Amino acid sequence: MYEDVKMPEGMNPEVLEHLMAPKNYGKIEDPSGVGVAMDEQTGEYVIFYIQTDGEIIEDLKFATNGCQDTVVVGSMFSAMVKGDNIQNGKKALAKMELKLGGLTPKQRVCTDMVLEAFVASLINREHLLNGENEEMHIIKMKESCEVEENE
Amino acid sequence: MNKLYQAKHELWLDILFASFAINDKQIKRDLYNFSTIEFRHMKWLGDKVLKDGDDYNYDRTKMLHKRESVFDILRYLIVELKKISALYGEDILNARMITDEDYMIHHIAALLDNRANDAQITAFNMARKYADKNLPQEQTDALTIFLFEESYKEYELILVYAYMQARTTNLTHFNVFQDLIDESHFHLQSFGEMMAKMGILALPRELHSMTYIVKDIEKFVIDGIAEEEGAKEMCKTLSDAIHDDELKRFFDFVNYQESYHIELMKKLL
(Lines give C-alpha, C1' and ligand atoms only; values in the text may rest on other atoms or scores of the structure.)
Protein backbone atom coordinates (compact mmCIF):
# COMPACT_ATOMS: atom_id res chain seq x y z
CA MET A 1 0.00 0.00 0.00
CA TYR A 2 1.34 3.41 -1.05
CA GLU A 3 4.78 1.90 -1.81
CA ASP A 4 5.05 4.18 -4.83
CA VAL A 5 3.90 7.31 -3.06
CA LYS A 6 4.45 10.37 -5.24
CA MET A 7 6.03 13.67 -4.40
CA PRO A 8 6.27 16.62 -6.78
CA GLU A 9 9.49 16.41 -8.72
CA GLY A 10 10.15 19.42 -10.89
CA MET A 11 7.75 20.59 -13.52
CA ASN A 12 6.14 17.68 -15.34
CA PRO A 13 2.69 17.36 -16.95
CA GLU A 14 1.24 15.77 -13.79
CA VAL A 15 2.46 18.63 -11.58
CA LEU A 16 1.16 21.12 -14.14
CA GLU A 17 -2.28 19.49 -14.01
CA HIS A 18 -2.32 19.85 -10.21
CA LEU A 19 -1.28 23.50 -10.55
CA MET A 20 -3.92 24.32 -13.15
CA ALA A 21 -6.75 22.50 -11.37
CA PRO A 22 -5.89 21.35 -7.83
CA LYS A 23 -7.86 18.28 -6.80
CA ASN A 24 -10.11 18.34 -3.72
CA TYR A 25 -9.67 22.08 -3.23
CA GLY A 26 -12.35 23.86 -1.19
CA LYS A 27 -14.35 23.06 1.91
CA ILE A 28 -16.95 20.57 3.16
CA GLU A 29 -20.14 21.63 4.91
CA ASP A 30 -20.67 19.74 8.19
CA PRO A 31 -17.44 17.72 8.04
CA SER A 32 -16.40 14.96 10.46
CA GLY A 33 -13.18 16.83 11.24
CA VAL A 34 -11.43 20.13 10.49
CA GLY A 35 -7.71 20.66 10.99
CA VAL A 36 -5.39 23.58 10.46
CA ALA A 37 -1.61 23.75 10.29
CA MET A 38 -0.49 27.31 10.86
CA ASP A 39 2.83 29.04 10.31
CA GLU A 40 2.44 31.95 12.72
CA GLN A 41 5.58 33.65 11.45
CA THR A 42 4.23 34.15 7.92
CA GLY A 43 0.49 33.74 8.44
CA GLU A 44 0.45 30.84 5.99
CA TYR A 45 -1.92 27.99 6.71
CA VAL A 46 -3.38 24.78 5.33
CA ILE A 47 -6.88 23.72 6.37
CA PHE A 48 -8.18 20.18 5.83
CA TYR A 49 -11.80 19.04 6.01
CA ILE A 50 -12.56 15.33 6.22
CA GLN A 51 -15.85 13.54 5.90
CA THR A 52 -15.82 9.97 7.17
CA ASP A 53 -18.25 7.08 7.12
CA GLY A 54 -17.01 4.82 9.91
CA GLU A 55 -13.31 4.45 9.17
CA ILE A 56 -13.60 5.35 5.47
CA ILE A 57 -12.49 8.80 4.33
CA GLU A 58 -15.47 9.45 2.07
CA ASP A 59 -14.42 12.95 1.15
CA LEU A 60 -11.70 15.42 2.03
CA LYS A 61 -10.90 18.91 0.89
CA PHE A 62 -8.17 21.39 1.62
CA ALA A 63 -7.46 25.08 1.19
CA THR A 64 -4.36 27.20 1.69
CA ASN A 65 -2.98 30.68 1.25
CA GLY A 66 0.45 29.11 0.80
CA CYS A 67 2.72 28.59 -2.17
CA GLN A 68 2.30 26.36 -5.21
CA ASP A 69 4.36 23.56 -3.64
CA THR A 70 1.78 23.43 -0.86
CA VAL A 71 -1.05 23.32 -3.39
CA VAL A 72 0.51 20.54 -5.43
CA VAL A 73 1.29 18.39 -2.38
CA GLY A 74 -2.22 18.99 -0.96
CA SER A 75 -3.75 18.04 -4.28
CA MET A 76 -1.65 14.88 -4.68
CA PHE A 77 -2.04 13.74 -1.06
CA SER A 78 -5.81 14.30 -0.92
CA ALA A 79 -6.32 12.44 -4.21
CA MET A 80 -4.27 9.56 -2.83
CA VAL A 81 -6.18 9.03 0.42
CA LYS A 82 -9.73 9.93 -0.67
CA GLY A 83 -11.95 6.84 -0.53
CA ASP A 84 -9.43 4.89 1.54
CA ASN A 85 -9.66 4.12 5.24
CA ILE A 86 -8.08 6.23 7.98
CA GLN A 87 -5.46 3.58 8.77
CA ASN A 88 -4.23 3.60 5.17
CA GLY A 89 -4.39 7.39 5.15
CA LYS A 90 -1.97 7.37 8.07
CA LYS A 91 0.28 4.93 6.18
CA ALA A 92 0.33 7.28 3.17
CA LEU A 93 1.24 10.06 5.56
CA ALA A 94 4.15 8.06 6.95
CA LYS A 95 5.39 7.22 3.44
CA MET A 96 5.29 10.87 2.40
CA GLU A 97 7.11 11.90 5.58
CA LEU A 98 9.86 9.42 4.73
CA LYS A 99 10.34 11.15 1.42
CA LEU A 100 10.66 14.62 2.93
CA GLY A 101 14.43 14.33 3.11
CA GLY A 102 14.72 14.50 -0.68
CA LEU A 103 13.08 17.88 -0.93
CA THR A 104 14.43 21.41 -0.70
CA PRO A 105 14.03 22.96 2.79
CA LYS A 106 11.11 25.10 1.58
CA GLN A 107 9.35 22.14 -0.07
CA ARG A 108 9.89 20.11 3.08
CA VAL A 109 8.18 22.74 5.26
CA CYS A 110 5.30 23.12 2.77
CA THR A 111 4.76 19.36 2.58
CA ASP A 112 4.94 19.07 6.34
CA MET A 113 2.27 21.74 6.68
CA VAL A 114 -0.10 19.76 4.43
CA LEU A 115 0.50 16.57 6.38
CA GLU A 116 0.10 18.29 9.76
CA ALA A 117 -3.21 19.80 8.64
CA PHE A 118 -4.45 16.31 7.72
CA VAL A 119 -3.30 15.01 11.14
CA ALA A 120 -5.10 17.95 12.80
CA SER A 121 -8.34 17.05 11.00
CA LEU A 122 -8.07 13.48 12.32
CA ILE A 123 -7.45 14.79 15.85
CA ASN A 124 -10.47 17.08 15.58
CA ARG A 125 -12.58 14.13 14.39
CA GLU A 126 -11.44 12.11 17.41
CA HIS A 127 -12.24 14.99 19.76
CA LEU A 128 -15.71 15.39 18.29
CA LEU A 129 -16.34 11.65 18.52
CA ASN A 130 -15.36 11.86 22.19
CA GLY A 131 -17.98 14.55 22.70
CA GLU A 132 -15.59 17.52 22.92
CA ASN A 133 -16.65 20.88 21.59
CA GLU A 134 -13.83 21.90 19.24
CA GLU A 135 -14.55 23.92 16.08
CA MET A 136 -11.23 22.94 14.50
CA HIS A 137 -7.92 21.55 15.69
CA ILE A 138 -4.94 23.83 15.11
CA ILE A 139 -1.32 22.71 14.97
CA LYS A 140 1.29 25.47 15.06
CA MET A 141 4.24 24.71 12.79
CA LYS A 142 7.67 24.56 14.39
CA GLU A 143 9.45 25.49 11.18
CA SER A 144 8.52 28.43 8.99
CA CYS A 145 8.13 28.55 5.22
CA GLU A 146 10.67 31.34 5.26
CA VAL A 147 13.56 28.87 5.48
CA GLU A 148 16.53 29.73 3.33
CA GLU A 149 16.78 27.65 0.15
CA ASN A 150 20.53 27.25 0.66
CA GLU A 151 20.02 25.96 4.22
CA MET B 1 -24.74 34.07 2.02
CA ASN B 2 -25.59 36.39 -0.85
CA LYS B 3 -26.16 34.37 -4.04
CA LEU B 4 -26.17 37.40 -6.33
CA TYR B 5 -22.80 38.51 -4.98
CA GLN B 6 -21.34 35.06 -5.64
CA ALA B 7 -22.79 35.03 -9.17
CA LYS B 8 -21.34 38.50 -9.80
CA HIS B 9 -17.92 37.42 -8.54
CA GLU B 10 -18.01 34.39 -10.87
CA LEU B 11 -19.21 36.50 -13.79
CA TRP B 12 -16.35 38.97 -13.28
CA LEU B 13 -13.90 36.06 -13.44
CA ASP B 14 -15.65 34.54 -16.47
CA ILE B 15 -15.31 37.75 -18.49
CA LEU B 16 -11.83 38.59 -17.19
CA PHE B 17 -10.39 35.17 -18.05
CA ALA B 18 -12.20 35.15 -21.40
CA SER B 19 -10.33 38.38 -22.18
CA PHE B 20 -7.02 36.65 -21.35
CA ALA B 21 -7.86 33.56 -23.40
CA ILE B 22 -8.79 35.35 -26.62
CA ASN B 23 -5.92 36.54 -28.80
CA ASP B 24 -7.75 39.13 -30.92
CA LYS B 25 -6.67 42.50 -29.50
CA GLN B 26 -9.98 44.32 -30.00
CA ILE B 27 -12.13 41.56 -28.52
CA LYS B 28 -9.64 41.17 -25.68
CA ARG B 29 -9.81 44.89 -24.90
CA ASP B 30 -13.61 45.01 -25.02
CA LEU B 31 -13.96 42.01 -22.71
CA TYR B 32 -11.34 43.35 -20.30
CA ASN B 33 -13.27 46.64 -20.10
CA PHE B 34 -16.49 44.71 -19.48
CA SER B 35 -14.75 42.79 -16.70
CA THR B 36 -13.79 46.05 -14.99
CA ILE B 37 -17.45 47.11 -15.10
CA GLU B 38 -18.42 43.77 -13.54
CA PHE B 39 -15.84 44.29 -10.80
CA ARG B 40 -17.39 47.68 -10.02
CA HIS B 41 -20.82 46.04 -9.90
CA MET B 42 -19.36 43.60 -7.40
CA LYS B 43 -18.07 46.46 -5.25
CA TRP B 44 -21.36 48.37 -5.33
CA LEU B 45 -23.29 45.20 -4.64
CA GLY B 46 -21.04 44.37 -1.68
CA ASP B 47 -21.61 47.85 -0.22
CA LYS B 48 -25.37 47.43 -0.59
CA VAL B 49 -25.32 43.98 1.00
CA LEU B 50 -23.46 45.36 4.04
CA LYS B 51 -25.72 48.42 4.24
CA ASP B 52 -28.73 46.09 4.30
CA GLY B 53 -27.20 44.32 7.31
CA ASP B 54 -26.40 41.17 5.33
CA ASP B 55 -22.96 39.77 4.46
CA TYR B 56 -21.17 38.14 1.55
CA ASN B 57 -18.25 35.80 1.07
CA TYR B 58 -15.89 34.78 -1.71
CA ASP B 59 -17.14 31.21 -2.17
CA ARG B 60 -17.20 29.98 -5.77
CA THR B 61 -18.53 26.88 -7.42
CA LYS B 62 -17.69 27.47 -11.08
CA MET B 63 -14.61 26.08 -12.78
CA LEU B 64 -12.79 27.64 -15.73
CA HIS B 65 -14.09 25.90 -18.83
CA LYS B 66 -11.41 25.19 -21.37
CA ARG B 67 -13.14 26.30 -24.56
CA GLU B 68 -11.80 25.39 -27.98
CA SER B 69 -12.71 28.50 -29.97
CA VAL B 70 -13.40 32.20 -29.58
CA PHE B 71 -17.04 31.63 -30.51
CA ASP B 72 -17.40 28.91 -27.84
CA ILE B 73 -16.22 31.44 -25.27
CA LEU B 74 -18.45 34.24 -26.54
CA ARG B 75 -21.53 31.99 -26.61
CA TYR B 76 -20.75 30.87 -23.06
CA LEU B 77 -20.49 34.50 -21.89
CA ILE B 78 -23.89 35.34 -23.38
CA VAL B 79 -25.46 32.39 -21.54
CA GLU B 80 -23.86 33.47 -18.24
CA LEU B 81 -24.83 37.13 -18.71
CA LYS B 82 -28.44 36.11 -19.35
CA LYS B 83 -28.41 33.69 -16.41
CA ILE B 84 -27.51 36.32 -13.80
CA SER B 85 -30.40 38.56 -14.81
CA ALA B 86 -32.79 36.11 -13.11
CA LEU B 87 -31.22 37.08 -9.76
CA TYR B 88 -31.73 40.85 -10.05
CA GLY B 89 -34.24 42.85 -8.05
CA GLU B 90 -35.77 46.19 -8.90
CA ASP B 91 -33.71 48.98 -7.36
CA ILE B 92 -31.52 51.54 -9.13
CA LEU B 93 -28.32 49.47 -8.78
CA ASN B 94 -30.00 46.43 -10.25
CA ALA B 95 -31.35 48.57 -13.10
CA ARG B 96 -27.80 49.78 -13.81
CA MET B 97 -26.43 46.22 -13.84
CA ILE B 98 -29.22 45.08 -16.18
CA THR B 99 -28.61 47.87 -18.70
CA ASP B 100 -24.83 47.32 -18.61
CA GLU B 101 -25.28 43.62 -19.28
CA ASP B 102 -27.89 44.15 -21.99
CA TYR B 103 -25.27 46.21 -23.81
CA MET B 104 -22.59 43.55 -23.24
CA ILE B 105 -24.89 40.81 -24.60
CA HIS B 106 -25.68 42.93 -27.64
CA HIS B 107 -22.00 43.68 -28.24
CA ILE B 108 -20.90 40.05 -27.89
CA ALA B 109 -23.76 38.84 -30.09
CA ALA B 110 -22.59 41.26 -32.79
CA LEU B 111 -19.11 39.72 -32.62
CA LEU B 112 -20.69 36.34 -33.28
CA ASP B 113 -22.24 37.66 -36.49
CA ASN B 114 -18.80 37.94 -38.08
CA ARG B 115 -17.17 34.55 -38.79
CA ALA B 116 -13.81 36.32 -39.10
CA ASN B 117 -13.87 36.83 -35.31
CA ASP B 118 -13.66 33.10 -34.68
CA ALA B 119 -10.30 31.45 -34.03
CA GLN B 120 -8.80 28.55 -32.14
CA ILE B 121 -8.02 29.09 -28.44
CA THR B 122 -4.43 28.29 -27.51
CA ALA B 123 -4.54 29.52 -23.90
CA PHE B 124 -5.09 26.02 -22.47
CA ASN B 125 -2.86 23.88 -24.71
CA MET B 126 -0.13 23.48 -22.04
CA ALA B 127 2.56 24.08 -24.70
CA ARG B 128 4.53 26.28 -22.25
CA LYS B 129 6.18 28.23 -24.99
CA TYR B 130 6.25 31.99 -24.48
CA ALA B 131 5.28 33.56 -27.83
CA ASP B 132 8.25 33.57 -30.21
CA LYS B 133 10.87 33.27 -27.47
CA ASN B 134 12.97 30.17 -27.11
CA LEU B 135 13.49 30.01 -23.38
CA PRO B 136 15.50 27.04 -22.08
CA GLN B 137 13.58 24.49 -19.99
CA GLU B 138 14.74 25.74 -16.58
CA GLN B 139 13.76 29.33 -17.42
CA THR B 140 10.38 28.12 -18.69
CA ASP B 141 9.86 26.17 -15.45
CA ALA B 142 10.82 29.19 -13.33
CA LEU B 143 8.45 31.40 -15.30
CA THR B 144 5.64 28.82 -14.99
CA ILE B 145 5.91 28.62 -11.21
CA PHE B 146 6.19 32.39 -10.91
CA LEU B 147 3.01 32.93 -12.93
CA PHE B 148 1.00 30.44 -10.88
CA GLU B 149 2.26 31.89 -7.59
CA GLU B 150 1.75 35.50 -8.51
CA SER B 151 -1.56 35.26 -10.41
CA TYR B 152 -3.08 33.65 -7.31
CA LYS B 153 -1.46 36.24 -5.06
CA GLU B 154 -2.77 39.18 -7.10
CA TYR B 155 -6.29 37.71 -7.14
CA GLU B 156 -6.02 37.18 -3.39
CA LEU B 157 -4.84 40.76 -2.82
CA ILE B 158 -7.64 42.24 -4.94
CA LEU B 159 -10.27 40.40 -2.92
CA VAL B 160 -8.68 40.88 0.51
CA TYR B 161 -8.20 44.63 -0.03
CA ALA B 162 -11.72 44.95 -1.47
CA TYR B 163 -13.10 43.15 1.58
CA MET B 164 -11.26 45.50 3.92
CA GLN B 165 -12.06 48.59 1.86
CA ALA B 166 -15.78 47.81 2.09
CA ARG B 167 -15.53 47.74 5.87
CA THR B 168 -13.26 50.69 6.68
CA THR B 169 -14.40 54.14 7.78
CA ASN B 170 -10.87 55.56 7.54
CA LEU B 171 -10.46 57.64 4.36
CA THR B 172 -6.68 57.16 4.15
CA HIS B 173 -7.12 53.41 4.45
CA PHE B 174 -9.90 53.49 1.85
CA ASN B 175 -7.64 55.28 -0.64
CA VAL B 176 -4.64 53.02 0.05
CA PHE B 177 -6.82 49.95 -0.50
CA GLN B 178 -8.06 51.42 -3.79
CA ASP B 179 -4.49 52.05 -5.00
CA LEU B 180 -3.45 48.55 -4.05
CA ILE B 181 -6.52 47.02 -5.74
CA ASP B 182 -5.80 48.97 -8.94
CA GLU B 183 -2.17 47.88 -8.92
CA SER B 184 -3.12 44.24 -8.41
CA HIS B 185 -5.64 44.39 -11.26
CA PHE B 186 -2.81 45.46 -13.55
CA HIS B 187 -0.53 42.69 -12.29
CA LEU B 188 -3.25 40.04 -12.57
CA GLN B 189 -3.94 41.18 -16.11
CA SER B 190 -0.25 41.06 -17.02
CA PHE B 191 0.29 37.60 -15.52
CA GLY B 192 -2.99 36.24 -16.93
CA GLU B 193 -1.98 37.37 -20.41
CA MET B 194 1.41 35.69 -20.01
CA MET B 195 -0.19 32.45 -18.80
CA ALA B 196 -2.50 32.45 -21.81
CA LYS B 197 0.47 33.01 -24.13
CA MET B 198 2.16 29.98 -22.57
CA GLY B 199 -0.96 27.82 -22.82
CA ILE B 200 -1.32 27.46 -19.04
CA LEU B 201 -4.19 29.80 -18.30
CA ALA B 202 -5.91 28.72 -15.08
CA LEU B 203 -8.32 30.29 -12.64
CA PRO B 204 -6.70 31.24 -9.33
CA ARG B 205 -7.93 28.95 -6.61
CA GLU B 206 -10.78 29.97 -4.33
CA LEU B 207 -10.06 32.10 -1.24
CA HIS B 208 -10.82 30.59 2.13
CA SER B 209 -12.43 32.92 4.68
CA MET B 210 -9.33 32.52 6.90
CA THR B 211 -7.49 34.48 4.21
CA TYR B 212 -9.79 37.48 3.84
CA ILE B 213 -11.36 37.93 7.27
CA VAL B 214 -8.61 39.95 8.92
CA LYS B 215 -8.79 40.22 12.70
CA ASP B 216 -5.50 42.02 13.30
CA ILE B 217 -4.78 44.66 10.66
CA GLU B 218 -1.32 45.47 12.02
CA LYS B 219 -0.19 41.86 11.75
CA PHE B 220 -1.85 41.62 8.36
CA VAL B 221 0.12 44.64 7.10
CA ILE B 222 3.42 43.42 8.57
CA ASP B 223 2.91 39.96 6.99
CA GLY B 224 1.82 41.67 3.78
CA ILE B 225 5.01 43.77 3.66
CA ALA B 226 7.08 40.59 4.15
CA GLU B 227 5.12 39.01 1.31
CA GLU B 228 5.78 42.01 -0.94
CA GLU B 229 9.47 41.66 -0.12
CA GLY B 230 9.17 38.00 -1.13
CA ALA B 231 7.45 38.95 -4.38
CA LYS B 232 10.21 41.49 -5.10
CA GLU B 233 12.79 38.79 -4.52
CA MET B 234 10.93 36.42 -6.86
CA CYS B 235 10.83 39.10 -9.58
CA LYS B 236 14.54 39.76 -9.13
CA THR B 237 15.41 36.06 -9.20
CA LEU B 238 13.34 35.60 -12.33
CA SER B 239 14.77 38.69 -13.96
CA ASP B 240 18.29 37.37 -13.26
CA ALA B 241 17.44 33.86 -14.46
CA ILE B 242 15.69 34.78 -17.71
CA HIS B 243 18.01 35.80 -20.48
CA ASP B 244 15.56 37.81 -22.50
CA ASP B 245 15.65 41.62 -22.48
CA GLU B 246 11.91 42.18 -22.86
CA LEU B 247 10.94 39.79 -20.04
CA LYS B 248 13.82 41.00 -17.87
CA ARG B 249 12.67 44.60 -18.21
CA PHE B 250 9.11 43.59 -17.36
CA PHE B 251 10.09 41.77 -14.16
CA ASP B 252 12.33 44.64 -13.07
CA PHE B 253 9.41 47.01 -13.66
CA VAL B 254 7.11 44.84 -11.49
CA ASN B 255 9.84 44.59 -8.86
CA TYR B 256 10.02 48.40 -8.54
CA GLN B 257 6.24 48.60 -8.33
CA GLU B 258 6.30 46.20 -5.37
CA SER B 259 8.69 48.60 -3.60
CA TYR B 260 6.08 51.34 -3.70
CA HIS B 261 3.38 48.93 -2.56
CA ILE B 262 5.35 48.56 0.64
CA GLU B 263 5.27 52.35 1.11
CA LEU B 264 1.52 52.35 0.52
CA MET B 265 1.02 49.55 2.99
CA LYS B 266 2.98 51.41 5.68
CA LYS B 267 0.22 54.06 5.59
CA LEU B 268 -2.11 51.41 6.98
CA LEU B 269 -0.08 51.07 10.16
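This is a predicted model, so every value here is computed, not measured.

Draft legend 1. Broad picture of the nonpolar core. If you look at the biggest cluster of nonpolar residues, it comprises 96 residues, and the most contacted ones within it are Leu31, Tyr58 and Leu143 of chain B. Element by element, the count of residues in this core is highest for helix α5 (residues 137–165) of chain B, at 14 residues. When residues no more than four places from it in sequence are discounted, the contact partners of Leu31 of chain B are Ile15, Ala18, Ser19, Ile22, Leu74, Leu77 and Ile108 of chain B. One finds Ile47, Leu60, Met96 and Val114 of chain A within the second-largest nonpolar core, a separate group that totals 30 residues.

Draft legend 2. Main features of the interface of chain A and chain B. Between chain A and chain B, the contact holds 25 residues from the first and 24 residues from the second. A per-residue breakdown of the area chain A buries against chain B is headed by Met11, Met20 and Gln68 of chain A, which together make up 32% of the total. The residue Lys27 of chain A makes a salt bridge to Asp59 of chain B at a minimum N-O spacing of 3.1 Å. Here chain A is connected to chain B by ten residue pairs in polar contact (both at pLDDT 80 or more). Of all elements in the fold, only α1 (13–20), β1 (33–39), β2 (44–53), β3 (56–64) and α2 (68–81) of chain A reach the threshold of two or more residues within the side of chain A that touches chain B. At five residues, α1 of chain A tops the list of elements feeding residues into the side of chain A that touches chain B. Here the side of chain A that touches chain B is built from residues that sort into 14 nonpolar, seven polar and four charged.

Draft legend 3. Representation of the pattern of salt bridges in the model. With the rule as written, the count across this model stands at 25 salt bridges over all chains. As a salt-bridge pair, Glu40 of chain A and Lys140 of chain A come within 3.6 Å of each other at their nearest N and O atoms. Of this pair, Glu40 of chain A sits in the loop between β1 and β2 while Lys140 of chain A is found in strand β4 (residues 137–140), placing the two residues 100 residues apart along the sequence. Glu40 of chain A gets classed as partly exposed once you look at its relative accessible area, which sits at 46%. The partner of Arg96 of chain B in a salt bridge is Asp100 of chain B, with the nearest N and O atoms 2.7 Å apart.

Draft legend 4. Broad picture of the state of the cysteines. Counted under the stated rule, the structure contains zero disulfides over all chains. Free of any disulfide, Cys110 of chain A has its nearest cysteine sulfur in Cys67 of chain A, 3.3 Å distant. Of the residues examined, Cys110 of chain A reaches a relative accessible area of 0% and is grouped as buried. You can see Cys235 of chain B has no disulfide; the closest cysteine sulfur is in Cys67 of chain A, sitting 16 Å from it.

Draft legend 5. Representation of the environment of Glu126 of chain A within the structure. On the secondary structure map, Glu126 of chain A appears in helix α4 (residues 105–129). Taking the C-alpha atoms as reference, Glu126 of chain A lies 23 Å from Thr111 of chain A; in sequence the two are 15 residues apart.

Draft legend 6. Geometry of the sheet that holds β2 of chain A. All names here are of chain A. The four strands are arranged β3-β2-β1-β4 in an open sheet whose pairing can be described as mixed. Only two strands of the sheet have a single partner each, and these edge strands are β3 and β4. Here the strands of the sheet are splayed against their neighbours by 20° on average, with no regard to which way each runs. Where β1 lies against β4, four bridges are found, and the strand directions are parallel. The residue bridging Gly35 from the neighbouring strand is His137, located in β4. Across the sheet, α2 lies against β2 and β3, angled at about 175° from β3, the strand it touches most.

Reading the values: the criteria
Residues numbered from 1 in each chain as written. Chains lettered and ligands numbered in written order. Predicted model: local features only at pLDDT ≥ 70, side-chain atom pairs only at ≥ 80, totals over all residues. Heavy atoms only, no water. Core = buried A, V, L, I, M, F, W, Y, C linked by side-chain atoms within 4.5 Å. Buried < 20%, exposed > 50% of the residue type's maximum accessible area, 1.4 Å probe, protein only. Helix = DSSP H or I, 4+ residues; strand = E, 2+ residues; numbered from the N terminus. Contact = heavy atoms within 4.5 Å. Buried area = accessible area lost by both parts, 1.4 Å probe. Salt bridge = Lys/Arg side-chain N within 4 Å of Asp/Glu carboxyl O. Polar contact = N/O pair within 3.5 Å; in protein donor to acceptor, adjacent residues only side chain to side chain. Nonpolar A, V, L, I, M, F, W, Y, C, P; charged D, E, K, R; others polar. Disulfide = S-S within 2.5 Å. Pairing = 2+ DSSP bridges. Axes fitted to C-alpha atoms, helices over the stretch in contact; angles between N-to-C directions.

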